[in-house]
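Structure at a glance
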Amino acid sequence: MTTTQIGFVGLGIMGKPMAKNLIGAGYSLTVFDINQVAVDELVAYGCTKANSGKEISESSQYIITMVPDSADSEKAILGDSGVLKGASAGKIIIDMSSIAPGVSQKIANMCEANGVNFLDAPVSGGEPKAIDGSLAIMVGGKENIFTQCKPIFEVLGSSVVLCGNYGAGNTTKLANQIIVAANIEAVSEALVLAKKAGLDPNTVFNAIKGGLAGSTVLNAKAPMMITGDFNPGFRIKLHQKDLHNALLTGKELGVPLPVTSLIQQMIGSLMNKGKGDLDHSAIANFLEDLAQIEIKE
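Residues numbered from 1 in each chain as written. Predicted model: local features only at pLDDT ≥ 70, side-chain atom pairs only at ≥ 80, totals over all residues. Heavy atoms only, no water.

**Considerations on the overall build of the protein**
Rules: For the purposes of this entry, the term helix denotes a DSSP run of H or I that reaches at least four residues, the term strand denotes a run of E that reaches at least two, and both are numbered from the N terminus. Only C-alpha atoms enter the radius of gyration; for comparison, a globular chain is expected to reach 2.2 Å times N to the power 0.38, where N is the number of residues. When a residue's accessible area, from a 1.4 Å probe over protein chains only, is under 20% of the maximum for its type it is buried; when over 50% it is exposed; and in between it is partly exposed.
Per the secondary structure count, the protein includes 14 helices and 9 strands. What you see for the protein is a C-alpha radius of gyration of 20 Å, in line with the 19 Å of a compact globule of 297 residues. Projected onto its principal axes, the C-alpha coordinates of the protein cover approximately 65 × 45 × 35 Å. Burial statistics for the protein: of 297 residues in total, 49% are counted as buried.

Structure follows, in structure tokens:
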């Protein structure tokens, strides 16, 4: 057991397995979440319970936050009982949430004003890679703080890259999410076309996955479309949030994102049909509805 004390705020679909991996690596964890069931599960796993983010940061050198969106990060870190309230100078707050880069920069400035170090470090890979500790971690912040935190990141991910200064991690995550969304939409179109033409989608998948069209997204999401299994590894509503942040950032920077905007409209339609909690591979449902055919056999 290492003497390093880590505080962890946010024990959702991603945060819970990440916290478990840190415990498994020998770190001492104090945890907080508004979901007491999740907290109790982690306490049974060996963590210590805290009643607020402020309480966590009072006893931890490193404080990780893993919450859904920008407003949640601001509340968890800057709120009246947030982690910054209990963080003394020299401590490190690592926000691993996927949020708007501008909000990461705002939080970083507030931390610096209080002598507290900050990194934005969003992840990619969904629940499966959170469970097996092979996430891709994209980090923004100062190099010396990144170097200090790298052993922690290496427990959680197989790829850890410092992308630039504050906000760079979340800008990189938005780029990632644009590519993933466009890839899922393209796979959906291709398999719907194949099925409508009378082909076996699984045969088409096996024929193309070794060529230029092959990708991690294709390998992960095509089988889900083919079997009709949309149990979430990464929910549609979370991808909607990420694309919203991408479009806002594009507007701020004067960068048109036409394909991102189109896919966001598709996702909005699925949200209106109550499909927000399905895996984002269910983007295929939008194309299936247009073509009046299911990929699933």
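That was the structure; now back to the text.
**Considering the side chain of Lys-173**
This is how it is decided: Charged residues are defined narrowly, with Lys and Arg counted positive, Asp and Glu counted negative, and His plus the chain ends left uncounted. Basic side-chain nitrogens of Lys or Arg form a salt bridge, by our definition, when they fall within 4 Å of a carboxyl oxygen of Asp or Glu. As used in this structure description, the phrase polar contact means that two N or O atoms lie within 3.5 Å; if the pair is within protein, one of them must be able to donate a hydrogen and the other to accept it, and residues adjacent in sequence are counted only when both atoms belong to side chains. Any two residues having at least one pair of non-hydrogen atoms within 4.5 Å are treated as being in contact.
With respect to the helices and strands, the residue Lys-173 is situated in helix α9 (residues 168-196). An unpaired buried charge is present at Lys-173: no salt bridge exists, and Asp-242, the closest side chain of opposite charge, is 4.2 Å distant. Reaching out from Lys-173, the side chain makes a polar contact with the side chain of Ser-98 at a distance of 2.5 Å. What Lys-173 contacts, discounting residues up to four positions off in sequence, is Ser-98, Pro-122, Val-123, Met-138 and Asp-242.

**Concerning the pattern of salt bridges**
The final tally for this structure, using the stated rule, is 10 salt bridges. Lys-20 is the salt-bridge partner of Glu-41, the closest N and O atoms lying 2.6 Å from each other. Of this pair, Glu-41 sits in helix α2 (residues 36-44) while Lys-20 sits in helix α1 (residues 15-24), placing them 21 residues apart in sequence.

**Comments concerning the packing of aromatic side chains**
Note the cut-off: Two aromatic rings, drawn from Phe, Tyr or Trp (for Trp, its six-membered ring), form a pair once their centres lie within 6.5 Å of each other, and the interplanar angle then sorts them: stacked below 30 degrees, edge-to-face above 60, tilted otherwise. Consider the ring centre and the ring normal. A charge sits over the ring if Lys NZ or Arg CZ is within 6 Å of that centre and within 35 degrees of that normal.
Evaluated as defined, the whole model comprises 2 aromatic pairs. With a centroid separation of 6.2 Å and 55° between ring planes, the pair formed by Phe-118 and Tyr-166 is classed as tilted. A residue pair is termed long-range when its members are at least 10 positions apart, and Phe-118 in strand β6 (residues 117-120) and Tyr-166 in the loop between β9 (157-164) and α9 qualify at 48 residues. Sitting over the face of the ring of Tyr-45, Lys-20 holds its NZ or CZ atom 5.2 Å from the ring centroid.

All we've got here are geometric facts, nothing functional implied.
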